Amino acid sequence: MFAFLTSSIGKKYIMAVTGILLVLFTLGHMVGNLQIYLKPEAINKYAHTLQSLGGLLWLIRGGLLFLFVVHVITGITLYLGNQGARPIDYVKPATIKATLPSRTMIITGLSLFAFIVYHIMHFTLHLTDPSFSFLATPEGHMDVHRMLVTGFGNMLASAVYIAAMIALGMHLYHGATSWFQTLGINNVKYNCTIKIIGPVIAVIVFLFNTSIPVSVLTKFIK
Amino acid sequence: MNLTLHIWRQKNANDKGKMVTYKAHDISTHMSFLEMLDVLNQQLIEKNIDPVAFDHDCREGICGMCSLIINGKAHGPWSATTTCQLHMREYKDGDEIYIEPWRSKAFPVIKDLVVNRGAFDRIMQSGGFVSVNTGSAPDANATPIAKEKADLAMAAASCIGCGACVAQCKNASAMLFVAAKVSQFANLPQGQIEKKARVQNMVAAMDREGFGNCTNLLECEAACPMSVSANFIAQMNREFFAAGIK
């Protein structure tokens, strides 16, 4: 098993499996956040439910952190290995059919890493704006709706989120299709469908996630 | 026609090497790319310049010896074509062409455009074979093989081991080559006996040689002169997983 995981293909399996789970989290996170379009109570209740999970919440957070760290470290290891595999590059390089997202996974990946650190400091730890911690609903719970409206009301913060969603969309465009090939799920009959899964997920996640800061900035959500 | 060629010149494996620009005169559109280099070399010899070293053998598109990265593309701009089958009608008078060797840590340059592809031989030695008893030839149809399986094995076996997949891959990965060589046996009953050890040993040999990791860019299958499909990489990934967990 150790020989499997440390081989080049084993590391790809690690990327694929952690990647799938992170994609599922991304989709779940997006669906949860879309409750911002309902009454303010909806997302506040949802947030309160999550906060009340106690030990389970920390278990989920720990699991996510583990997946994330493994995905990032394995990704960087693979990237460095690939850099070493071609010590002298071509004077005139060219690309035949590899897509832009597929060639920039390390760039979009590291951008997302930086973004996620900021995102947690922003909306989870409230380090960038400590006043978020004092936003409370009449029941005395965290007023997530107000926090999102205030947070995205800042043009610069919204711009960072939208830029990050471009990176996320590109990362998913390749990643959410690539794992099929890595895990050996390849069938002439289904390859056309497999090929569009990544792009479809990318477009959905980009449009829905970006719609939130855009809706706040255009006062659609108040 | 006359061409401006930028060619990688490197005296030996230890030399640093550099791009050198040459003018090639009187190139006919009927020539193959390698014949164009023959003409250039003749012109260089007449000027007392060391001719450009490049690999070639059959010049019929089947041996896998010719290589060359031409304007950034392995075997040049034509799909499913080896360098020797690329013809000069692709180019027009005054064109500039960059010619470089395969670039990979596992393929060290021997001289100019010639690289050492011994890494592929060592991968083959690690598992790219089937063990059969010697003796008289068995009956042609003694082992029944489904048509689809035979076709699949044949498609994998069409790999000529030229190394274009490695050269074109942004990561210098040899996955398509190894996948083709694993799959040509894995799809046949004769290849079942060593199935597990084969994929494990060949992947381990590939990793030892210092090739890069696959990121599913699919540049390999686009550059392959035999159009070997990257579907074989998925098959190898499956085989490798199955071998690893058993």
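Please read these numbers as outputs of a predicted model, since none were measured by experiment. (Residues numbered from 1 in each chain as written. Chains lettered and ligands numbered in written order. Predicted model: local features only at pLDDT ≥ 70, side-chain atom pairs only at ≥ 80, totals over all residues.)

1. Considerations on the overall build of chain B
Okay, so step 1: Secondary structure assignment for chain B yields eight helices and seven strands.
Okay, so step 2: Counting only C-alpha atoms and orienting by the principal axes, one finds that chain B spans roughly 60 × 35 × 35 Å.
Okay, so step 3: Taken across its 246 residues, chain B has 46% of its residues classed as buried.
Okay, so step 4: Here the contacts in chain B between residues at least 6 apart in sequence split such that 70% fall between residues at least 24 apart. (Helix = DSSP H or I, 4+ residues; strand = E, 2+ residues; numbered from the N terminus. Buried ≥ 20, exposed ≤ 12 C-beta atoms within 10 Å, placed from the backbone. Contact = placed C-beta atoms within 7 Å.)

2. Remarks on the overall build of chain A
Okay, so step 1: Check the secondary structure of chain A and you find nine helices and zero strands.
Okay, so step 2: Counting from the amino terminus, chain A carries its helices and strands in the arrangement α-α-α-α-α-α-α-α-α.
Okay, so step 3: Oriented by its inertia axes, the alpha-carbon framework of chain A measures out at about 60 × 40 × 40 Å.
Okay, so step 4: By the burial criterion, 29% of the 222 residues in chain A qualify as buried.
Okay, so step 5: Look at the contacts in chain A between residues 6 or more apart in sequence, and 77% of them connect residues 24 or more apart.

3. Describing the domain arrangement of chain B
All names here are of chain B.
Okay, so step 1: Along its sequence, chain B is organised into domain 1 (3-110) and domain 2 (117-132 + 143-245).
Okay, so step 2: The C-alpha-based centres of domain 1 and domain 2 are spaced at 28 Å.
Okay, so step 3: Across the boundary between the two partners, domain 1 contributes 18 residues, which contact 17 residues of domain 2.
Okay, so step 4: Class assignment of the residues belonging to the side of domain 1 that touches domain 2 gives a composition of eight nonpolar, seven polar and three charged. (Domains from an automatic or database assignment. Nonpolar A, V, L, I, M, F, W, Y, C, P; charged D, E, K, R; others polar.)

4. What about the interface of chain B and chain A?
Okay, so step 1: If you look at the interface, chain B gives 38 residues, while chain A gives 35 residues.
Okay, so step 2: Elements represented by at least two residues in the side of chain B that touches chain A include exactly strand S5 (96-100), helix H6 (195-208), helix H7 (219-223) and helix H8 (231-245) of chain B.
Okay, so step 3: If you tally residues by element for the side of chain B that touches chain A, the top one is H8 of chain B, at nine residues.
Okay, so step 4: When the residues that make up the side of chain B that touches chain A are grouped by side-chain class, the tally is 16 nonpolar, 14 polar and eight charged.

5. What to know about the sheet that holds strand S2 (residues 18-24) of chain B
Residue and element names in this part refer to chain B.
Okay, so step 1: Pairing within the open sheet is mixed, and its five strands lie in the order S2-S1-S5-S3-S4. Of all the strands in the sheet, just S2 and strand S4 (73-74) have a single pairing partner and so form its edges.
Okay, so step 2: Of the pairings in the sheet, the one linking strand S3 (residues 69-70) to S5 comprises two bridges and is antiparallel in character. Counterpart to Ile69 in the pairing with S5 is Glu100. (Pairing = 2+ DSSP bridges.)

6. So, the packing of H6 of chain B against H8 of chain B
Residues and elements named next belong to chain B.
Okay, so step 1: Two numbers describe how H6 lies on H8: the axes approach to 9 Å, and their chain directions differ by 110°. In this view, H6 runs roughly perpendicular relative to H8, as classed from their interaxial angle. For the pair H6 and H8, contact is made by Lys196, Val199, Gln200 and Val203 and by Met236, Glu239, Phe240 and Ala243, respectively.
Okay, so step 2: For the contact of H6 with H8, the class distribution of residues is five nonpolar, one polar and two charged. (Axes fitted to C-alpha atoms, helices over the stretch in contact; angles between N-to-C directions. Parallel < 35°, antiparallel > 145°, perpendicular 65-115°, else oblique.)

7. Describing the environment of Asp50 of chain B
Okay, so step 1: Among the secondary structure elements, Asp50 of chain B is positioned in the loop between helix H1 (33-46) and S3.
Okay, so step 2: Separated by 66 residues in sequence, Asp50 of chain B and Asn116 of chain B have C-alpha atoms that sit 20 Å apart.

8. A look at the nonpolar core
Okay, so step 1: Counting residues in hydrophobic clusters, the biggest one holds 79 residues, and the most contacted among them are Cys165, Val166, Leu176 and Val178 of chain B.
Okay, so step 2: In terms of residue count, the dominant contributor to this core is helix H5 (residues 175-186) of chain B (nine residues).
Okay, so step 3: Counting residues domain by domain, this core receives three or more from each of domain 1 (3-110) and domain 2 (117-132 + 143-245) of chain B.
Okay, so step 4: One finds Tyr161, Ala176, Val205 and Phe206 of chain A within the second-largest nonpolar core, a separate group that totals 13 residues. (Core = buried A, V, L, I, M, F, W, Y, C linked by C-beta atoms within 7 Å.)

9. Quick word on the confidence of the model for chain B
Okay, so step 1: Summarising the model, chain B shows a mean pLDDT of 96, and 100% of its residues fall at 70 or more.
Okay, so step 2: We note a pTM of 0.95 for the whole complex and an ipTM of 0.93 for its interfaces. (pLDDT = per-residue confidence, 0-100.)

10. Some thoughts on the environment of Ser32 of chain B
Okay, so step 1: Among the secondary structure elements, Ser32 of chain B is positioned in the loop between S2 and H1.
Okay, so step 2: Those residues in contact with Ser32 of chain B that lie beyond four places of it in its chain are Arg59, Cys84, Gln85, Leu86 and His87 of chain B.

11. Points about helix H4 (residues 55-85) of chain A
The periodicity of an α-helix, 3.6 residues per turn, causes residues three or four places apart in sequence to face the same way.
Residue and element names in this part refer to chain A.
Okay, so step 1: The first and last C-alpha atoms of H4 sit 45 Å apart over 31 residues, in line with the 45 Å expected at 1.5 Å per residue.
Okay, so step 2: Within the span of H4, buried status applies to His71, Gly75, Leu78, Asn82 and Ala85.
Okay, so step 3: In this structure, the buried side of H4 is in contact with helix H2 (8-33) and helix H6 (105-124). (Expected span 1.5 Å × (residues − 1).)

12. With respect to the environment of Asn209 of chain A
Residues and elements named next belong to chain A.
Okay, so step 1: Along the polypeptide, Asn209 turns up in helix H9 (residues 191-217).
Okay, so step 2: What makes Asn209 buried here is the crowd of 21 C-beta atoms within 10 Å.
Okay, so step 3: The spacing of Asn209 and Leu34 is 175 residues in sequence and 8.0 Å in space, taken between C-alpha atoms.

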